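Residue-level structural notes
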Amino acid sequence: MTYTNLHHNRSHHNIGHVALVGAGPGDPDLLTLKAVKCIALADVLFVDDLVNPDILTHAKASARVVYVGKRGGCASTPQQFIIKAMIAAALQGEQVVRLKGGDPFIFGRGGEEVHALQAAGIAVTAVNGITSGLAALSSLNVALTHRDHAQGVVFVTGHAKPGTHGTDWAALSSTAYQAKLTLVIYMGVAHASDIQTALLQGLPSHTPVALIHNATLPTQRHAVCTLGELTRTMRAQRIASPAIMVVGDVVQGLLATEANLQQQRQAA
Ligand code: SAH
């Protein structure tokens, strides 16, 4: 089997192929079957830093693994270098897999890579993964869109600093409040304090928040608090990156449970 068998739009080019594969949030059991098939066929894998290395047990023993992430003390491999290396490998006829954490098209620069590869005449197959923003709250058995509390959900990046050219948090928070939308914030740890201040423009300070670090991994930890207590709780509970913040009434039940537990601890 080749990737083209996995590809709906069969490519007539004979010059190589890249599969852009979502590695899921961390737990290797959350990989899709299609992702496993692609990984097993790969001659070379370009791997981002939030990908659980255990996933590579599905790769051939002879496969080359190129780590291109920025954690572990190394500088992140420049995007242009990754793209050039993928194109070169594909043109040599290698089966190339680009492994990205979560879903490749949710804040993963997957779209940019598809454009660059297609511009070079390389066929691309995109394989969805479970995005961390979806997995984080599910891992606590809470629904992002429980119909008693939310009518929708917004995935938003916290990376662009509020108040600069980034997200219009004032508009987003008042829309979330009026339209009953759950906010799922990626990459928010570094700017948590700014995000908290900005969200308080449109959401009440008692709005529940869940913070989930290393979702679906054995090292997962979480904290729940109100929006007014967000920064203090993150510091006190040492919630570090990578973490997902979920803001909205769907987290109310978790917050109530946590408050009960604390009362019991104090009474004991
Ligand atoms: N494409 C990825 C997101 C990449 S952006 C996806 O779909 O999940 C990187 C951000 O994702 C991190 O800063 C963090 O907010 C989030 N993230 C990724 N994996 C995570 C995990 N296991 N637990 C919590 N957050 C995670």
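None of the values given here were measured: they were computed from a predicted structure.

Rules behind the numbers
- Residues numbered from 1 in each chain as written.
- Predicted model: local features only at pLDDT ≥ 70, side-chain atom pairs only at ≥ 80, totals over all residues.
- Heavy atoms only, no water.
- pLDDT = per-residue confidence, 0-100.
- Contact = heavy atoms within 4.5 Å.
- Salt bridge = Lys/Arg side-chain N within 4 Å of Asp/Glu carboxyl O.
- Helix = DSSP H or I, 4+ residues; strand = E, 2+ residues; numbered from the N terminus.
- Buried < 20%, exposed > 50% of the residue type's maximum accessible area, 1.4 Å probe, protein only.
- Pairing = 2+ DSSP bridges.
- Phe/Tyr/Trp six-rings, centres within 6.5 Å; stacked < 30°, edge-to-face > 60°.

1. Some remarks on the confidence of the model for the chain
Chain-level statistics for the chain give a pLDDT mean of 90 and a share of 91% at 70 or above. Low pLDDT (under 50) marks residues 7–13, which in the prediction has nine contacts with non-local residues, meaning those over four places away or in another chain.

2. Comments concerning the pattern of salt bridges
The full count for this structure, using the stated rule, is eight salt bridges. The closest approach of N and O atoms between D48 and K100, which form a salt bridge, is 3.7 Å. Here D48, found in the loop between strand 2 (44–47) and strand 3 (64–67), pairs with K100, found in strand 4 (residues 95–100); they are 52 residues apart in sequence, far enough to count as distant. In terms of burial, D48 and K100 fall into one category: buried. Close ionic contact of E94 with R64 constitutes a salt bridge, the shortest N to O distance being 2.9 Å. Of this pair, E94 sits in the loop between helix 3 (79–91) and strand 4 while R64 sits in strand 3; the two residues are 30 residues apart in sequence, bridging distant segments of the chain.

3. Some details on the pairing of strand 5 (residues 123–127)
Side chains on a regular strand alternate between the two faces of the sheet. Extensive coverage of strand 5 is indicated by the burial of four of its five residues. Where strand 1 (residues 17–22) lies against strand 5, five bridges are found, and the strand directions are parallel. Counterpart to H17 in the pairing with strand 5 is A123.

4. Quick look at the packing of aromatic side chains
Inspection of every chain in the model, using the stated rule, returns two aromatic pairs. When the ring of F107 is compared with that of Y186, the centres are 4.9 Å apart and the planes differ by 65°; the resulting orientation is edge-to-face. Here F107 is found in the loop between strand 4 and helix 4 (110–119), whereas its partner Y186 is found in strand 7 (residues 181–186), with 79 residues between them in sequence. Exposure remark for Y186: the relative accessible area of 7% places this residue in the buried category. A connected cluster of aromatic rings, assembled from ring pairs, spans F107, F155 and Y186.

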